[in-house]
Amino acid sequence: MFSARTHCPECGGSSVVDLQDILYSRRVDFFRCRSCLAWWMVPKDEDATTRIVLGDTSAAVSKSVG
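Fair warning: this is a prediction, and the values are worked out from it, not measured in the lab.

Engineer: I would appreciate a short explanation of the overall build of the chain in the present structure.
Structural biologist: Counting its regular elements, the chain contains zero helices and four strands. Counting from the amino terminus, the chain carries its helices and strands in the arrangement β-β-β-β. Counting only residues that meet the buried cut, the chain has 36% of its 66 residues in that class. Accessible surface, the chain: about 4,400 Å² in total, of which carbon and sulfur atoms supply 50%.

Engineer: What exactly am I supposed to notice about the environment of Pro9 here?
Structural biologist: Secondary-structure assignment places Pro9 in the segment before β1 (16–18). For Pro9, a relative accessible area of 12% puts it in the buried group. Along the chain, Pro9 and Trp39 lie 30 residues apart, while their C-alpha atoms are 9.4 Å from each other.

Engineer: What exactly am I supposed to notice about the state of the cysteines here?
Structural biologist: Disulfides are covalent bonds that connect the sulfur atoms of two cysteines. For the coordinates displayed, the defined rule picks out zero disulfides. Free cysteine: Cys33, not disulfide-bonded; nearest cysteine sulfur from Cys11 at 3.7 Å. Judged by relative accessible area, which is 0%, Cys33 ranks as buried.

Engineer: Whenever I open this one, the nonpolar core confuses me. Can you help?
Structural biologist: Grouped burial of nonpolar side chains is what soluble globular proteins tend to show. Counting residues in each nonpolar core, the largest one holds nine residues, listed as Ala4, Cys8, Val16, Phe31, Cys33, Ala38, Trp40, Val42 and Ile52. The set of elements that each furnish at least two residues to this core consists of β2 (28–33) and β3 (39–43). Dropping the residues within four chain positions of it, Cys8 is found in contact with Gly13, Val16, Cys33, Cys36, Ala38 and Trp40. With five residues, the next largest nonpolar core counts Val17, Val28, Phe30 and Met41 among its residues.

Here is what the cut-offs are and how they apply
Sequence order as written defines residue numbering, which begins from 1 separately in each chain. pLDDT decides what is reported in this predicted model: residues at 70 or higher carry local features, side-chain atom pairs at 80 or more are listed and counted, and totals for whole chains, interfaces and linings draw on all residues regardless. With hydrogens and water stripped out, all remaining heavy atoms of the structure feed into the side-chain values. Secondary structure is summarised from DSSP: a helix means a run of H or I of at least four residues, a strand means a run of E of at least two, and numbering begins at the N terminus for each. Relative accessible area decides the class of each residue, using a 1.4 Å probe on protein chains only: under 20% of the type maximum gives buried, over 50% gives exposed, and in between gives partly exposed. Residue burial considers only the protein chains on display, and all accessible areas are found by Shrake-Rupley using a 1.4 Å probe. The disulfide criterion is simple: two cysteine sulfur atoms within 2.5 Å. Residues grouped as a nonpolar core are buried Ala, Val, Leu, Ile, Met, Phe, Trp, Tyr and Cys residues, joined through side-chain atoms within 4.5 Å. Whether two residues are in contact is decided by their heavy atoms, any of which lying within 4.5 Å being enough.

Distances and angles like these do not, on their own, reveal function.
Below you can see the structure in the form of structure tokens.
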């Protein structure tokens, strides 16, 4: 089971960029995939994504990595 903090929920790749130094939120952390260019958010202290922010529009609903 992969974490959305280390693997892209869109393509499954491990080329994940943590954007905490660029985008700040008290409730979620933001990530970007270098491979497919998807962006997503993960609630603080959790490993599953809540939403794909940018990526394949068919995957723009909540889904967990697993």
